[in-house]
Amino acid sequence: MSLSDADMLEAWALLPDLIGVATGFVPGANVAGAGIGAVGSAMNFGAGVKRDGLDWGDVGSLALNLGMDALTLVPGVGSTVKLGAKLPKLLKVIPTLARIAGLYGGA
């Protein structure tokens with residue numbers, strides 16, 4: 001079982017997304033959280049383009065994700081909204097993470 005480059009990029013994009021959400025709850029770290037979240041948004045955009053080429057869906061997703069990253073600038077409230085919005089994406093990537101674990105966990 002092999003993963004595409006887009007699958008790997010999408011899985012790795014979870015890391016800055018989760019860090020960005022977490023830092024939004026730390027007083028004074030919301031600006032860093034927005035920047036880190038924007039990195040995850042750019043990685044997700046790259047994964048979408050790698051998967052099926054550039055289309056308007058990729059552009060719309062990027063705009064929405066960057067908007068959610070900007071919400072992180074609002075202490076507490078923005079991170080809560082962003083966490084709720086990122087949860088479906090996390091659930092979507094779980095099968096990819098399970099495949100990664102199977103690839104690297106087995107002998």
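First, a word on scope: everything that follows refers to the structure included in this document.

Basis of the calculations
Residues numbered from 1 in each chain as written. Predicted model: local features only at pLDDT ≥ 70, side-chain atom pairs only at ≥ 80, totals over all residues. Heavy atoms only, no water. Axes fitted to C-alpha atoms, helices over the stretch in contact; angles between N-to-C directions. Helix = DSSP H or I, 4+ residues; strand = E, 2+ residues; numbered from the N terminus. Parallel < 35°, antiparallel > 145°, perpendicular 65-115°, else oblique. Contact = heavy atoms within 4.5 Å. Expected span 1.5 Å × (residues − 1). Buried < 20%, exposed > 50% of the residue type's maximum accessible area, 1.4 Å probe, protein only. Salt bridge = Lys/Arg side-chain N within 4 Å of Asp/Glu carboxyl O. Core = buried A, V, L, I, M, F, W, Y, C linked by side-chain atoms within 4.5 Å. Patch = residues over 30% accessible without salt bridge, like charges linked within 9 Å, V, L, I, M, F, W, Y side chains within 5 Å. Areas by Shrake-Rupley, 256 points an atom, 1.4 Å probe, with all protein chains shown as cover.

## Examining the packing of helix α2 (residues 30–52) against helix α3 (residues 56–71)
Thought 1: At a closest axis distance of 9 Å, the pairing of α2 and α3 adopts a crossing angle of 170°. Here α3 runs roughly antiparallel to α2, going by the angle between their axes. Across the interface between the two elements, Ala-34, Gly-37, Ala-38, Ser-41, Ala-42, Phe-45, Gly-48, Val-49 and Asp-52 of α2 pack against Asp-58, Val-59, Leu-62, Asn-65, Leu-66 and Asp-69 of α3.

## What about α2?
Note: α-helices contain 3.6 residues per turn, so residues at a spacing of three or four share the same orientation.
Thought 1: Between its first and last C-alpha, α2 extends 33 Å over 23 residues, near the 33 Å set by a 1.5 Å rise per residue.
Thought 2: By the burial criterion, the buried members of α2 are Asn-30, Gly-33, Ala-34, Gly-37, Gly-40, Ser-41, Asn-44, Ala-47 and Gly-48.

## Some remarks on the pattern of salt bridges
Any two side chains of opposite charge can pair if their charged atoms end up close together.
Thought 1: Within the structure shown, the criterion is met by two salt bridges.
Thought 2: A salt bridge links Glu-10 to Arg-51; the shortest N-O distance between them is 3.7 Å. Separated by 41 residues along the polypeptide, Glu-10 in helix α1 (residues 5–23) and Arg-51 in helix α2 bring together distant segments of the chain.
Thought 3: Residue classification places Glu-10 among the buried positions, given a relative accessible area of 10%.
Thought 4: We classify Arg-51 as partly exposed; its relative accessible area is 42%.
Thought 5: Each of Asp-7, Glu-10 and Arg-51 takes part in a single network of salt bridges with overlapping partners.

## Some words on the environment of Val-26
Thought 1: You can see Val-26 is positioned in the loop between α1 and α2.
Thought 2: Overall, Val-26 belongs to the partly exposed group, its relative accessible area being 43%.
Thought 3: For the pair Val-26 and Pro-75, spaced 49 residues apart in sequence, the C-alpha separation works out to 8.3 Å.

## Here we look at the environment of Met-68
Thought 1: Secondary-structure assignment places Met-68 in helix α3.
Thought 2: Spatially, the C-alpha atoms of Met-68 and Val-21 are 9.9 Å apart, while their sequence positions differ by 47 residues.

## What to know about the nonpolar core
Thought 1: Core analysis: the largest hydrophobic core is formed by five residues, namely Leu-3, Ala-11, Leu-14, Val-93 and Ile-100.
Thought 2: Elements represented by at least two residues in this core include exactly α1 and α4 (77–105).

## Quick look at a nonpolar patch on the surface
Thought 1: Together, Trp-12, Leu-15 and Ile-19 give the surface a local cluster of nonpolar side chains, amounting to about 320 Å² of exposed area.
Thought 2: In this fold, Leu-15 is placed in helix α1.

The analysis is restricted to geometry; functional conclusions fall outside its scope.
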